[in-house]
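Geometric and topological summary
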Amino acid sequence: MQVVTGKSVLNGIAIGKIKVYKAPKLEISESLIEDTEGELKRFDSARERAIEQQNALYEKALIDAGEDSAEVFSVHAMMLEDDDLLDATNEIIRSQRHTAEYAVKVAFDNQAKVFAEMEDPYMRERAADIYDIEQAVLSNLFGINTDVLQGTEPCILAARDLTPSETVRLDKSLLLGIITKEGSLNSHTAILARSMGIPALVQCRDACEDWDGMDAIIDGYNSCVYIEPTEDLAKSLRKRKDKDTKQRALLQELKGKSNTTIDGRTIQVYANIGGPSDIGLVQQNDAGGVGLFRSEFVYLNARDYPTEEEQFNAYRLAVETLAPKQVIIRTCDIGADKQVEYMNMVKEENPALGVRAIRICLSRKDFFKTQLRALLRASAYGNLGIMFPMIISRRELRECKEILAECAEELQKQGMKIGSYAIGVMIETPAAVMIADELAEECDFFSIGTNDLTQYTLAIDRQNAGLDPFLDTHHPAVLREIKMTIDAGHRHGIWVGICGELGADLALTETFLRMGIDELSVNPVSILPLRKIIRGIDLSKAPAERTPEE
Ligand code: PEP
Ligand code: MG
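Residues numbered from 1 in each chain as written. Chains lettered and ligands numbered in written order. Predicted model: local features only at pLDDT ≥ 70, side-chain atom pairs only at ≥ 80, totals over all residues. Heavy atoms only, no water.

**Considerations on the site of ligand 1**
Lining the immediate surroundings of ligand 1 are 17 residues, of which Arg294, Arg330, Gly449, Asn451 and Arg462 lie closest. Protein contact buries 100% of the 290 Å² of open area that ligand 1 shows by itself. When residues of the shell around ligand 1 are assigned to their parent elements, the largest contribution, 3 residues, is made by helix H17 (residues 450–458). Per-class residue counts for the shell around ligand 1 are 4 nonpolar, 5 polar and 8 charged. (Near = heavy atom within 4 Å. Areas by Shrake-Rupley, 256 points an atom, 1.4 Å probe, with all protein chains shown as cover. Helix = DSSP H or I, 4+ residues; strand = E, 2+ residues; numbered from the N terminus. Nonpolar A, V, L, I, M, F, W, Y, C, P; charged D, E, K, R; others polar.)

Below you can see the structure in the form of structure tokens.
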């Protein structure tokens, strides 16, 4: 048995076989072949298989992301029938007597280059499609299964690191646990794993590629993974897992009960979600609403700008399914660690301090308007809150509201239905805390993003795990900022919540309640434990925890 430590994203146990994920590296030989007919047939069957795969992807994307996103796969399937491309590949095999792999690489690359040099931006983008189908054909020639990142069996996925978009693409129903060599506890990948209730270890430095297929147990309580565990250990951890399951069942009893302290103070407990596929988790965990719908996952999940229609469908689904519960959708927070290729963002020295979130939206007005129009249309189907991230000035907030009003006017002229909606601001920079009184005059609620607020207050990069020894997640500066924000909000009659990870820190629940917090929005699996803690607090008694004023 081998024991390797890391940092635990979620207290839980995952038991299963490891699947190591690494992007395939394809070595293509230049050697010549004798059997050109055989090679032509190899190419043809790899290509036909690729067409079948693209058609299957189309079907999957149709269900997951709608018609517009799915279309790219039918275009790929058509490209794989393109006569010029087929002739060029066949010719290299036939007359130059190269392998099918070599011929595909040369012919497809050449075709992609032709597209890449075209004037028309739409045509230029087709180069990426050619590379995509080239990869599909090559993978088939090499016999590589690229269906899903983690294969088709339930597994613990081990990887060097996973980007947020890779994590989004994972098939959650087959994912038992995640192990990464790199990554940090506060990264979006970790947040995602947490919200899916999946035990995950990051910074598992000694994780090994040879683990593929081995039995493993992630012990989130002790921040380690056991490879080929002994039968005794497996037995005791299985027991622990059963205990967790029973505990969760017990907590289910809290469903339907109010989040009221012993002395009668009630707050809202909402859920943080990453997209419509998490709606089930909101319902299962009986959340009072959604306090943070991270809409950027709609962008990270796409290969190109999501259209108004695609966004409207995703937002409407959440708002309509959960009505009359409130669903707070945060406008796009791309940038920093969340990059999407198709947005062609300029590389920055300090992306966390760069053009991210509202700064992108305000500098790309049409892009912003597409999302705002989709949100306004979704408002007709339930109880929507629209929340702006990374606001640092009243001017920015006013500009957002003006663009929103412009969109509403346009939609009304087009005869589209719009419902009522609340407007909120994320308080996630020290600047926003300092001007919270001014901001509160312009909006209906505040939601404190403690992940970024901590990063910007303590000047600690949330992505840099090497800074963990310097990170005090209960730092008095951050706690005082939370108190200042709550007080400013209340002075102006608006409610104040927390949607950063600190909201789920049970050691601080009483502190937040004493500060006067109105709402806590946490990952769905933290909802019931949080509610249990709230119901056991008595604010009329002396505080059990320190408060920032002390
Ligand atoms: C935050 O910063 O606390 C927050 C909730 O937003 P994100 O983690 O998506 O940046
Ligand atoms: Mg943030």
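**A closer look at unusual backbone geometry**
Here the bond from alanine 323 into proline 324 is cis, since omega is 5°, no more than 30 degrees from zero. Looking at where proline 324 falls in the secondary structure, it is placed in the loop between helix H11 (308–322) and strand E11 (326–330). Of note in the backbone geometry, arginine 97 takes a positive phi value of approximately 55° without being a glycine. Examined against the element boundaries, arginine 97 turns out to sit in the loop between helix H3 (83–96) and helix H4 (100–116). On the basis of relative accessible area, arginine 97 is assigned to the partly exposed category, the value being 35%. (Buried < 20%, exposed > 50% of the residue type's maximum accessible area, 1.4 Å probe, protein only.)

**Considering the domain arrangement of the protein**
If you check the domain split of the protein, you get domain 1 (2–23 + 148–233), domain 2 (36–142) and domain 3 (260–535). Centre-to-centre separation of domain 1 and domain 3, based on C-alpha positions: 28 Å. (Domains from an automatic or database assignment.)

**Thoughts on the packing of aromatic side chains**
Here the structure, examined in full by the defined rule, presents 7 aromatic pairs. Centre to centre, the rings of phenylalanine 445 and tryptophan 495 are 4.7 Å apart; their planes meet at 5°, and the pair counts as stacked. Of this pair, phenylalanine 445 sits in strand E14 (residues 445–448) while tryptophan 495 sits in strand E15 (residues 495–498), placing them 50 residues apart in sequence. Owing to a relative accessible area of 24%, tryptophan 495 belongs among the partly exposed residues under this scheme. Grouping aromatic residues by their ring pairs yields a cluster made of Tyr299, Tyr305, Tyr342 and Phe367. Between arginine 377 and the ring centre of phenylalanine 312, over which it is positioned, the NZ or CZ distance is 4.1 Å. (Phe/Tyr/Trp six-rings, centres within 6.5 Å; stacked < 30°, edge-to-face > 60°. Lys NZ or Arg CZ within 6 Å of the ring centre and 35° of its normal.)

**Comments concerning the coordination of the magnesium ion (ligand 2)**
Every protein donor of the magnesium ion (ligand 2) is listed here as Glu428 (OE) and Asp452 (OD), and their distances to the metal cover 2.0 to 2.1 Å. Within this pair, whereas glutamate 428 is found in the loop between strand E13 (421–427) and helix H15 (430–434), its partner aspartate 452 is found in helix H17, the two being separated by 24 residues in sequence. By relative accessible area, which is 2% here, glutamate 428 ends up buried. (Donors = N, O, S within 2.8 Å, 3.2 Å for Na, K, Ca; no water.)

**Topic: the sheet that holds strand E2 (residues 7–8)**
One open sheet accounts for 8 strands, arranged E1-E8-E7-E3-E4-E5-E6-E2; its pairing is mixed. One side of each edge strand has no neighbouring strand; the edge strands of this open sheet are strand E1 (2–5) and E2. Taken together, the 5 bridges between strand E4 (residues 155–159) and strand E5 (residues 175–180) define a ladder with parallel strand orientation. Paired with isoleucine 156 across the strands is glycine 177, a residue of E5. (Pairing = 2+ DSSP bridges.)

**Here we look at the sheet that holds E13**
Strand order in the closed barrel formed by 8 strands is E9-E10-E11-E12-E13-E14-E15-E16, with parallel pairing between adjacent strands. Within this sheet the neighbouring strands show an average axis-to-axis angle of 25°, counted without direction. Relative to the sheet, helix H14 (residues 394–413) contacts strand E12 (383–388) and E13, its axis offset from that of E13 by approximately 150°. Against the sheet, helix H20 (residues 527–535) contacts strand E9 (268–273) and strand E16 (519–522), and its axis sits at roughly 160° relative to E9. (Axes fitted to C-alpha atoms, helices over the stretch in contact; angles between N-to-C directions. Contact = heavy atoms within 4.5 Å.)

**Quick look at the pairing of E14**
What you see with E14 is no split at all: Phe445 and Ser447 on one side and Phe446 and Ile448 on the other are buried throughout. Sheet analysis places E13 next to E14, joined by 4 bridges and oriented parallel. In the sheet register, valine 425 faces E14, and the bridge partner there is phenylalanine 446. Direction of pairing for E14 relative to E15: parallel, over a ladder of 4 bridges. Each bridged residue has a counterpart across the sheet, and for isoleucine 448 the counterpart in E15 is isoleucine 498.

**With respect to the nonpolar core**
With 87 residues, the main nonpolar core has Tyr315, Ile358, Phe368, Phe388, Phe446, Ile482 and Phe512 as its most contacted residues. Beyond its immediate sequence surroundings of up to four residues, isoleucine 482 is in contact with Ile448, Thr450, Ile498, Leu502, Phe512 and Met515. (Core = buried A, V, L, I, M, F, W, Y, C linked by side-chain atoms within 4.5 Å.)

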